[in-house]
Amino acid sequence: MYNIAIDGPAGAGKSTIAQIVAKDLGFIYVDTGAMYRTLALACFRDGIDTTDEDSVVAKCESVKVTLGYEDGVQKVYLNGEDVSDEIRREEIGNLTSAIAVYPGVRKILVALQQDLASKNNVVMDGRDIGTAVLPNADLKVYLTASVECRAKRRYDQLLENGQTGDLAEIEKDIEDRDYRDMNRDVSPLKQADDAVLVDSSDMTIDETVQKIISLTKE
């Protein structure tokens, strides 16, 4: 099996890039962030206090997160319900960073992610794929972009979806999430020693995809 691990901060375009790379290579795309977001959604729906670690872990253990693929596009299901769109809400993203620090939550999903990678050629993106989930991945990429660039991309995405947003507020949210992700006790966001740094601030999506695909041939 050939495994590609793509890590990086929020809004770096990991999911978009990883999906295209996987499609071009004929690999399975695994969006680990979507899996964590699904558990955060489960907690949100039940009104669980995300600072209550025991309650969060208990809830996560009681639900089933599964992945499916429609026309090559990953779908994520919570107890059989397609929640692929709902988990992209900003408030769910912020809750995700809060629950992802808990070892019990990570244990549930890491086991599922490692099982997928052991049976398939995968492109997997997240915060700690190269450092913790797939430390022996064949290719590790740390994909990043400036905070300003990531905020503008998120702002434009909201407008495209008919939503509104405050650019300064989005930038602040991204900075806060970066801090939480990089300073958490369990599997903090960092570039693996053997990962290739790819800064997409001044690159198009196609240029970024081609860069990563070229790395698989080196």
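Residues numbered from 1 in each chain as written. Predicted model: local features only at pLDDT ≥ 70, side-chain atom pairs only at ≥ 80, totals over all residues. Heavy atoms only, no water.

### Thoughts on the sheet that holds strand S1 (residues 3-7)
If you trace the five strands from one edge of the open sheet to the other, you get S2-S6-S1-S7-S8, paired in parallel fashion. Edge positions in the sheet fall to strand S2 (28-31) and strand S8 (196-199), since each has one partner strand and no second. Each strand axis lies, on average, 20 degrees off the axis of its neighbour in the sheet, ignoring direction. Relative to strand S6 (residues 122-126), S1 is paired through five bridges, and the arrangement is parallel. Within S6, the residue paired with Asn3 across the bridge is Val122. The strands touched by helix H1 (residues 14-25) are S1, S2, S6 and strand S7 (139-144); relative to S6, the strand with the most contacts, the crossing angle is about 175 degrees. Across the sheet, helix H9 (residues 205-215) touches S1, S7 and S8, and the angle it forms with S7 is around 160 degrees. (Pairing = 2+ DSSP bridges. Helix = DSSP H or I, 4+ residues; strand = E, 2+ residues; numbered from the N terminus. Axes fitted to C-alpha atoms, helices over the stretch in contact; angles between N-to-C directions. Contact = heavy atoms within 4.5 Å.)

### Digging into H1
Taking 1.5 Å of rise per residue, the 12 residues of H1 would be expected to cover 16 Å, and the 16 Å separating its terminal C-alpha atoms lies within 8% of that figure. Listed in full, the buried residues belonging to H1 are Lys14, Ile17, Ala18, Val21 and Ala22. Along the long axis of H1, the arc covered by the buried residues comes to 130 degrees, so they all point the same way. The inward-facing, buried residues of H1 contact S1, S2, S6, S7 and H9. Just past H1, the residue Gly26 takes up positive phi, approximately 75 degrees. (Expected span 1.5 Å × (residues − 1). Buried < 20%, exposed > 50% of the residue type's maximum accessible area, 1.4 Å probe, protein only. Arc of directions from axis to C-beta.)

### Notes on the pattern of salt bridges
The final tally for this structure, using the stated rule, is 15 salt bridges. Here Glu90 ties to Arg154 by a salt bridge, and the two come within 2.8 Å at their closest N and O atoms. Linking Glu90 in helix H4 (residues 90-99) with Arg154 in helix H7 (residues 147-160), this pair joins segments that are 64 residues apart in sequence. Accessibility expressed as a relative area gives 18% for Arg154, which makes it buried. In this structure, Lys152 engages Asp156 in a salt bridge whose closest nitrogen and oxygen atoms are separated by 2.9 Å. Placement of the pair is Lys152 and Asp156 together in helix H7, with a separation of four residues, close to one helical turn. Taking relative accessible area as the criterion, Lys152 reaches 40% and is therefore assigned partly exposed. A single salt-bridge network, built from bridges that share partners, covers Arg45, Glu81, Glu86, Arg89 and Glu91. (Salt bridge = Lys/Arg side-chain N within 4 Å of Asp/Glu carboxyl O.)

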